[in-house]
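# Examination of the molecular architecture
Chain residues, written in single-letter form:
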Amino acid sequence: MYDVNRVREDFPILARQIYGRPLVYLDNGATTQKPRQVVEAMVDEYYNVNANVHRGVHFLSQQATDLHEASRETVRHFINARSTAEILFTRGTTESINLLAFSFGEAMVKAGDEVVVSAMEHHSNIVPWQMMCERKGAQLRVIPMTDDGELQLEALDDLLTERTRIVCCTQVSNVLGTVNLVKEVVRIAHERGIPVLVDGAQSVPHMSVDVQDMDCDFFAFSGHKVYGPTGVGVLYGKEAWLDKLPPYQGGGEMIKNVSFEKTTYNELPYKFEAGTPDYVATHALAKALDYVSGLGMQAIEAHEQELTRYALEKLQGIEGMRIFGAAKQRDAVISFQVGNIHHLDMGTLLDRLGIAVRTGHHCAEPLMRRLGIEGTVRTSFGLYNTKAEVDALVDGIERVRRMF
Ligand code: PMP
């Protein structure tokens, strides 16, 4: 039995009052709250272990290095990568994709080439590719989407040409909650020998991920969205690909030898990790992954799916409710508008009731344009949310609706 009340005790912030009301935190798609296990690991490391990693012979440096490298193994195991050489630590999904877009672009993309992204990407999986395309004289192509918010994969095959260098697709939409058939995207792209990047920012917190089973070539996610600290994320890449790509940034750690004439680069994964990493955050990320693994990703998924079903049913009962996205497979994200109440007004008034939701374009302006809207209100659930919180949201929306 998944005991959500027990789980909530691990998250001190959930006991906060906002404007004298209990906090109802429904903005997990933007970032998740942190359990004691994660925060305490950070405090403990700063108080008792802190030293720069990799470069020291002294005890603390060794210990900090061991924690940092053990974290890499935890991440490897969590997403089932083949080797820790395939796990690059970054600052988050955004930096992971910028790293890849730069590095892949340098090695693989020429004028006239094409990069394919989907209609429902976050700006983080559009703009880095666009910047690279501009630099290289390449073109961006877009996988279209149905009105229900599902990718039209039957169009993907036609979109791919001998000029397509890479396909970039999110596993879960941060707006529509659509769970994309990324295995199918990979299968279609691989038939033509084209690699695939999967943006896992919104999937890793909610479902078990197996990069070998998915067979994607690259996979990115952020620590802070999976109950870990800010400032750390991961880029997974198949070793054969990472071996072919040049470094993203130069500096310490990514080198083997440096002279003024020539520098040789370090082996994987260090070739892509210039400078002092946020080793406290990597250790705390491992604690977060241990935490969710301890609860069980399947148990978390079942809890959140139940909550999402419950919320969809309740929300649909509200007069004037318009929910965006009706994919057959969907995750714990629901975007909506109510009548002609502006999303900002709805968000601001819900906030006064202690309910934290996100409003706006959710860093997906092309998707907003496709939907013909400027923004939505978005509720997104985490492993600690309850049906009582869904009820509070529904009551809150009803109150706001009556005010208008
Ligand atoms: N991709 C998706 C699908 C996201 O939801 C987000 C965060 N909203 C990002 C990328 C960017 O993540 P970060 O800001 O942690 O780099």
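Nothing here was measured: the structure is a model prediction, and the numbers come from that model.

## Considerations on the overall build of the protein
Helices and strands together make up the secondary structure of the protein, namely 14 helices and 17 strands. In terms of overall dimensions, the protein is globule-like: its C-alpha atoms have a radius of gyration of 22 Å, near the 22 Å expected for 404 residues. Dimensions of the protein along its principal axes, counting C-alpha atoms only, are 70 × 55 × 35 Å. Burial statistics for the protein: of 404 residues in total, 56% are counted as buried. Long-range pairs, those at least 24 residues apart, make up 71% of the contacts in the protein with a sequence separation of at least 6.

## Some remarks on the layout of surface pockets
Size it by volume and the largest pocket reaches roughly 460 Å³. Lining the largest pocket are 28 residues, with Thr94, His122, Ser124, Lys225 and Cys363 positioned closest to its centre. Those elements giving two or more residues to the lining of the largest pocket turn out to be helix H4 (93-108) and strand E16 (358-360). Of the residues that constitute the lining of the largest pocket, the class distribution is 5 nonpolar, 16 polar and 7 charged. Viewed by domain, the lining of the largest pocket spans two of them, domain 1 (4-27 + 296-403) and domain 2 (39-293), each represented by three or more residues.

## Here's the deal with the pattern of salt bridges
In this structure the tally under the stated criterion is 29 salt bridges. Of the charged contacts in the structure, one is a salt bridge between Arg192 and Asp157, with a shortest N-O distance of 3.4 Å. Here Arg192 is found in the loop between helix H7 (182-191) and strand E8 (196-199), whereas its partner Asp157 is found in helix H6 (residues 156-159), with 35 residues between them in sequence.

## Observations regarding the packing of aromatic side chains
In this structure the tally under the stated criterion is 9 aromatic pairs. For the ring pair Phe11 and Tyr291, a centre distance of 5.7 Å and an interplane angle of 80° mean the geometry is edge-to-face. Taken together, the positions of Phe11 in the loop between helix H1 (4-8) and strand E1 (17-18) and Tyr291 in helix H10 (residues 279-295) put the pair 280 residues apart, joining distant regions of the chain. Across this residue pair, the class does not change: Phe11 and Tyr291 are buried. Summarising the aromatic geometry, the rings of Phe218 and Trp241 are spaced 6.0 Å apart at their centres and angled 50° between planes, so their arrangement reads as tilted. Pair noted here: Phe218 is in strand E9 (residues 218-222) and Trp241 is in helix H9 (residues 239-244), with a separation of 23 residues, a long-range link. Across the pair, Trp241 and Phe218 agree in class, each one buried.

## Quick word on the sheet that holds strand E17 (residues 376-380)
Strand order in this open sheet of 4 strands is E13-E14-E17-E16, and the pairing throughout is antiparallel. At either margin of the open sheet sits one strand with a lone partner, and together these are strand E13 (321-324) and E16. Averaged over all adjacent pairs, the angle separating strand axes in this sheet is 30°, with direction ignored. Summarising the sheet, E13 and strand E14 (residues 333-338) pair through 4 bridges and their orientation is antiparallel. Opposite Ile323, over in E14, you have Phe336 as the bridge partner.

## As for the site of the ligand
Around the ligand, a shell composed of Thr93, Thr94, His122, Ser124, Thr170, Asn174, Asp199, Ala201, Gln202, Ser222, His224 and Lys225 is seen. In the model, a nitrogen atom of the ligand is placed 2.5 Å from a nitrogen or oxygen of the Asp199 side chain. Lys225 is positioned with one of its side-chain polar atoms (N or O) 2.8 Å from a nitrogen atom of the ligand. In this structure, the ligand is accommodated by the largest pocket. In terms of residue class, the shell around the ligand is made up of 1 nonpolar, 9 polar and 2 charged.

## Some details on the sheet that holds strand E5 (residues 114-118)
Spatially, the 7 strands line up as an open sheet ordered E4-E10-E9-E8-E7-E5-E6, and their pairing is mixed. Because the sheet does not close on itself, it has two edges, and the strands there are strand E4 (87-90) and strand E6 (139-143). Each neighbouring strand pair of the sheet contributes to a mean axis angle of 20°, computed without reference to strand direction. Note: E5 against strand E7 (residues 164-170), 4 bridges, orientation parallel. Each bridged residue has a counterpart across the sheet, and for Glu114 the counterpart in E7 is Thr164. In the packing of H4 onto the sheet, contacts are made with E4, E7, E8, E9 and strand E10 (233-237), and the angle to E9 comes to roughly 155°.

## Quick word on the environment of Thr376
Tracing the chain through its elements places Thr376 in strand E17. Discounting residues that sit within four places of it in the chain, Thr376 has contacts with Phe324, Ser335, Phe336, Gln337, His343, Arg358, Thr359, Gly360, His362 and Met368.

## Here we look at the domain arrangement of the protein
By a frequent convention, interface size equals the accessible area lost on bringing the separate parts together. Parsing the protein into structural domains produces domain 1 (4-27 + 296-403) and domain 2 (39-293). Contacts between domain 1 and domain 2 engage 34 residues on the former and 32 residues on the latter. Between domain 1 and domain 2, a total of about 2,700 Å² is buried, with carbon and sulfur atoms accounting for 55% of that surface. In this assembly, domain 1 and domain 2 are joined by 2 salt bridges. The shortest N-O distance in the salt bridge between Lys328 and Glu150 comes to 3.2 Å. Only helix H11 (297-316), E14 and helix H13 (365-371) provide two or more residues apiece to the side of domain 1 that touches domain 2. When its residues are assigned to classes, the side of domain 1 that touches domain 2 shows 18 nonpolar, 7 polar and 9 charged.

The rules we used
- Residues numbered from 1 in each chain as written.
- Predicted model: local features only at pLDDT ≥ 70, side-chain atom pairs only at ≥ 80, totals over all residues.
- Heavy atoms only, no water.
- Helix = DSSP H or I, 4+ residues; strand = E, 2+ residues; numbered from the N terminus.
- Rg over C-alpha atoms; globule rule 2.2 N^0.38 Å.
- Buried < 20%, exposed > 50% of the residue type's maximum accessible area, 1.4 Å probe, protein only.
- Contact = heavy atoms within 4.5 Å.
- 1 Å grid on protein atoms, 1.4 Å probe; cavity = no way out; pocket = protein on both sides within 12 Å on 5 of 7 lines; lining within 4 Å.
- Points joined across faces, edges and corners; volume = space filled by probe spheres on them.
- Nonpolar A, V, L, I, M, F, W, Y, C, P; charged D, E, K, R; others polar.
- Domains from an automatic or database assignment.
- Salt bridge = Lys/Arg side-chain N within 4 Å of Asp/Glu carboxyl O.
- Phe/Tyr/Trp six-rings, centres within 6.5 Å; stacked < 30°, edge-to-face > 60°.
- Pairing = 2+ DSSP bridges.
- Axes fitted to C-alpha atoms, helices over the stretch in contact; angles between N-to-C directions.
- Near = heavy atom within 4 Å.
- Polar contact = N/O pair within 3.5 Å; in protein donor to acceptor, adjacent residues only side chain to side chain.
- Sits in = over half its atoms within 2 Å of the grid points.
- Buried area = accessible area lost by both parts, 1.4 Å probe.

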